[in-house]
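# Observations on the model geometry
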Amino acid sequence: QVQLVESGGGLVQPGGSLRLSCATSGIIFSINTMGWYRQAPGKQREWIATLTSRGATDYSNSVKGRFTISRDTAENTMYLQMNSLKAEDTAVYYCNSRRVGQADQYWGQGTQVTVSS
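One structure accompanies this document, and this report is about it. Nothing here was measured: the structure is a model prediction, and the numbers come from that model.

What counts and how
Within each chain, residue numbers correspond to sequence positions counted from 1 in written order. Where totals are concerned, whole chains, interfaces and linings use all residues; where local detail is concerned, this predicted model gives features only for residues with pLDDT of at least 70, and gives and counts side-chain atom pairs only at 80 or more. The side-chain numbers reported here are obtained from all heavy atoms of the structure, hydrogens and water having been left aside. Each nonpolar core is a collection of buried residues, namely Ala, Val, Leu, Ile, Met, Phe, Trp, Tyr and Cys, held together in the definition by side-chain atoms within 4.5 Å. Accessibility here uses a 1.4 Å probe with only protein chains present; expressed as a share of the type maximum, an area under 20% marks a residue as buried, one over 50% as exposed, and anything in between as partly exposed. In this analysis, two residues are considered to be in contact whenever any of their non-hydrogen atoms come within 4.5 Å of each other. Here a strand pair is declared whenever DSSP counts at least two bridges between the two strands. Comment: elements are numbered from the N terminus, with helices defined as DSSP H or I runs of at least four residues and strands as E runs of at least two. In this analysis an axis means a line fitted to C-alpha atoms, helices contributing only their contacting stretch, and an angle means the value between N-to-C directions, from 0 to 180 degrees. What counts as a ring pair is set by centres within 6.5 Å for rings of Phe, Tyr and Trp (its six-membered ring), and what kind of pair is set by the plane angle: stacked under 30 degrees, edge-to-face over 60, tilted for all other angles.

Take the nonpolar core next. The biggest cluster of nonpolar side chains holds 26 residues, and the ones touching the most others in it are Trp 36, Leu 80, Met 82 and Tyr 93. Apart from the residues within four sequence positions on either side, Tyr 93 is in contact with Glu 6, Leu 20, Trp 36, Tyr 37, Arg 38, Ile 48, Phe 67, Leu 80, Met 82, Gly 110, Thr 111 and Val 113.

Here you go:
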């Protein structure tokens, strides 16, 4: 019923840009908080961006000013625009959905982003 599918990952050079997509089904943006997370090998999953049901955005200090979270309601898709990429941005990126007022969370399968020269 609820499904999140990330895409758009790949290999990019430092300073480059990449846009990740999260195609959703069974998700109503107006009653869900959406987010992007990432996890590098040997590290905990890190929160990087949130898009609330009301359209407000928030970012971690590590990506603020470089990444932008957005959504296309008509296409049921959430995006993460990543600019000025650094080697330390290398990780598996996951999209997340949490219905407001409820504890249940849903995750996509992840998409690999590798930043290397």
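With respect to topology, four strands assemble into an open sheet ordered E1-E3-E8-E7, the strand pairing being antiparallel. A single partner strand is all that each edge strand has here, and the edge strands are strand E1 (3–7) and strand E7 (67–72). With direction set aside, neighbouring strand axes in the sheet form an average angle of 15°. In terms of strand pairing, E1 meets strand E3 (residues 18–25) through five bridges, oriented antiparallel. When the bridges of E3 are listed, Glu 6 appears paired with Cys 22.

Next up on the list: the packing of aromatic side chains. Evaluated as defined, the whole model comprises one aromatic pair. Both rings, one in Tyr 37 and one in Trp 107, keep their centres 4.8 Å apart while their planes meet at 65°; by these two values the pair is edge-to-face. Of this pair, Tyr 37 sits in strand E4 (residues 32–39) while Trp 107 sits in strand E10 (residues 105–107), and the two are 70 residues apart along the sequence. On the accessibility criterion, Trp 107 (35% relative accessible area) is partly exposed.

Functional significance is not addressed by these values, which are geometric in nature.
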